[in-house]
Amino acid sequence: MKEHPKIEAGGLKLDNALWLAPLAGVTTPPVREFFSRLGAGLTHTEMVSCAGIVRGNRKTEGMLRLLPGEGPVVLQLFAGDAASMREGAEAAIAAGGRAASSEGASARFAALGVNMACPMPKVTKRGAGAALMNVPGIACEMVRGLKELGFPVWVKTRKAPSGDETDTLRFAEGLLNAGADNVCIHGRTPAQRYGGRADRSVVCAAARRFPGKISASGDVYSAEDVLEYLNGGCVGVMPARGALANPYIFPLALKALGYDVPEERLNPAFEDRLLFLRSLGESSHEINGPRPTVVLLKRLLAGALKGSESAAALRRRAGLTNDLDELMHILTPEKSR
Ligand SMILES: Cc1cc2nc3c(=O)[nH]c(=O)nc-3n(C[C@H](O)[C@H](O)[C@H](O)COP(=O)(O)O)c2cc1C
C-alpha cells in the first residue's frame, strides 16, 4: 500500500483510521494478523479477564500472545473494580515482557483497553463491561489507575443505558477527563445488546464535542458506513460483524479513503482468496488447535469468498465437515492440489 501520512489517535501514530473491533472468540492472534494484512490500522484482542490473568489461567495467558506479523494491538481487559483492573493489567504487561524477549521488541501491546460495553450477564454480574456505565466513579478510577502504567488507555463503551445523548456525552467526558486517550462508542444501549440499528447520531455528537478522541462502532458493513462515521467527526471506525461478513471491507474502505490499494487486495481472484483463508487456517491451527480453527474458518468462509460463483458449492461442502484436514483440502485451489 502506498505511503500515506500516519494519523494520530488515542496516543498512537497509526497507518489509518480503520481498526478491527474486539470480538470475543474471534480476535485471536492469527485473526488479528489476517486483518493487519488486509490493512487494518490497529486491532484488538478479545476481552481478557483480569481475574484470569492474575490466577495464571492457561487459556487466558494464551490470549496475551502477540505474533511478529501483527500491527498495533490494543489489549482489552475486563474487571469489576479498579484494583482488579490494575492488577490484571500489571500482570499482563509482565507476561508481555516475556513475549517481547523471545519474539522481538515489537511484541508489546500498543495500548490498554477497558471493556465498558459488554452487556452479557456473565460479565455484568461481576460489575464489569456495561455495568460500569452505571458507576462512573469506578469507571474513571479504572482509567486513572491504568494511565499510571504508562500506556495509552482506550475505553470501549456504549450509548448510555437511558438512551439519552446528554448522559452518553457526560460519561465519555468523565472518562476523557480521567485520562482516557480514546473512547469508542457503540451506538446501542446495553439493553439493545446487538439488535436494532446502531445510533450514529449519538456517536457523532460525542465526536464533535470531543474532537480527535471518539471512535465509532456499530453497523459498519461498507465503505459508506466508514465514511459516514469519519465525516461525522470520529477519529477511527471499528468494523466488527461487518469484518466477519466481508473481511475485504478493509481494503475497500481504505480505497474509498484515498489510499492506494493494490487491485489484488481489492478484488482478489477466487484462488487467492482461498489461499489467503488457508494461510489463516494454518496459523490458527498452530496457535488455537483444530476445533476452534474449523469454527473460525466456517465463520469467515462466506464473507472471504463473497462474489465468486464457485463459493456457494464450496461452502456447502465445507458445511458438511468438522474435520480440519478435510476443510483445508476443500480450501485448496484445484491447481495447487
Ligand atoms: C461475537 C462478538 C463478540 C464481541 N466481543 C467483544 C469484546 O470482546 N469486547 C468488546 O468491547 N466488544 C465486543 N463485541 C462488540 C463489537 O466489538 C461491536 O462493538 C458490536 O458488534 C457492534 O458493532 P457491529 O454492529 O458493527 O457488529 C463483540 C461482538 C460480537 C458480535
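Treat the numbers as computed from the prediction; the structure is a model and nothing was measured.

Draft legend 1. The overall build of the chain, seen in detail. The helix and strand inventory of the chain stands at 16 helices and ten strands. Its C-alpha atoms give the chain a radius of gyration of 20 Å, near enough to 20 Å, the size a compact globule of 337 residues would have. Principal axes of the C-alpha set define a box for the chain whose edges measure 60 × 45 × 40 Å. Relative to its full complement of 337 residues, the chain shows a buried share of 56%. For the chain, long-range pairs separated by at least 24 residues make up 69% of all intrachain contacts whose partners lie at least 6 apart in sequence. Carbon and sulfur atoms make up 50% of the accessible area of the chain, which totals about 14400 Å².

Draft legend 2. Broad picture of the site of the ligand. Taken together, 18 residues form the shell around the ligand, and within it Ala 24, Lys 156, Ser 217, Asp 219 and Arg 241 come nearest. A distance of 2.8 Å separates an oxygen atom of the ligand from a polar atom in the side chain of Lys 156. Burial of the ligand by the protein chains amounts to 91% of its free accessible area of 610 Å².

Draft legend 3. Summary view of empty space enclosed by the protein. Here the structure, examined in full by the defined rule, presents one cavity of 30 Å³ or more. Within this model, the largest cavity holds a volume of roughly 50 Å³. Going through the elements one at a time, strand S5 (73-78), strand S6 (111-115) and strand S7 (153-158) are the ones with two or more residues in the lining of the largest cavity. Element by element, the count of residues in the lining of the largest cavity is highest for S7, at three residues.

Draft legend 4. A look at the side chain of Asp 225. For Asp 225, the position within the fold is in helix H9 (residues 223-231). Sequence-distant contacts of Asp 225, that is, excluding residues within four places in its chain, are made with Arg 200, Asp 219 and Val 220.

Draft legend 5. Representation of a positive patch on the surface within the structure. On the surface, a cluster of positive charge is contributed by Arg 55, Lys 59, Lys 122, Lys 125 and Arg 126. Tracing the chain through its elements places Lys 122 in helix H5 (residues 121-124). With a relative accessible area of 57%, Lys 122 lands in the exposed category.

Draft legend 6. Structural context of the nonpolar core. Counting residues in each nonpolar core, the largest one holds 111 residues, and the members touching the most others are Phe 35, Met 116, Trp 154, Leu 175, Ile 214, Tyr 229 and Phe 250. Lining this core are residues from two domains, each supplying at least three of them: domain 1 (7-264) and domain 2 (268-336). Other than its neighbours up to four places away in sequence, Ile 214 contacts Ala 172, Leu 176, Asn 182, Val 183, Ile 185, Val 203, Ala 206, Ala 207, Cys 234, Val 235 and Gly 236. Listed in part, the five residues of the second largest apolar core include Met 47, Phe 78, Cys 118 and Val 123.

Procedures and definitions
- Residues numbered from 1 in each chain as written.
- Predicted model: local features only at pLDDT ≥ 70, side-chain atom pairs only at ≥ 80, totals over all residues.
- Heavy atoms only, no water.
- Helix = DSSP H or I, 4+ residues; strand = E, 2+ residues; numbered from the N terminus.
- Rg over C-alpha atoms; globule rule 2.2 N^0.38 Å.
- Buried < 20%, exposed > 50% of the residue type's maximum accessible area, 1.4 Å probe, protein only.
- Contact = heavy atoms within 4.5 Å.
- Areas by Shrake-Rupley, 256 points an atom, 1.4 Å probe, with all protein chains shown as cover.
- Near = heavy atom within 4 Å.
- Polar contact = N/O pair within 3.5 Å; in protein donor to acceptor, adjacent residues only side chain to side chain.
- 1 Å grid on protein atoms, 1.4 Å probe; cavity = no way out; pocket = protein on both sides within 12 Å on 5 of 7 lines; lining within 4 Å.
- Points joined across faces, edges and corners; volume = space filled by probe spheres on them.
- Patch = residues over 30% accessible without salt bridge, like charges linked within 9 Å, V, L, I, M, F, W, Y side chains within 5 Å.
- Salt bridge = Lys/Arg side-chain N within 4 Å of Asp/Glu carboxyl O.
- Lys, Arg positive; Asp, Glu negative; His and termini not counted.
- Charge placed at Lys NZ, Arg CZ, Asp CG, Glu CD.
- Core = buried A, V, L, I, M, F, W, Y, C linked by side-chain atoms within 4.5 Å.
- Domains from an automatic or database assignment.

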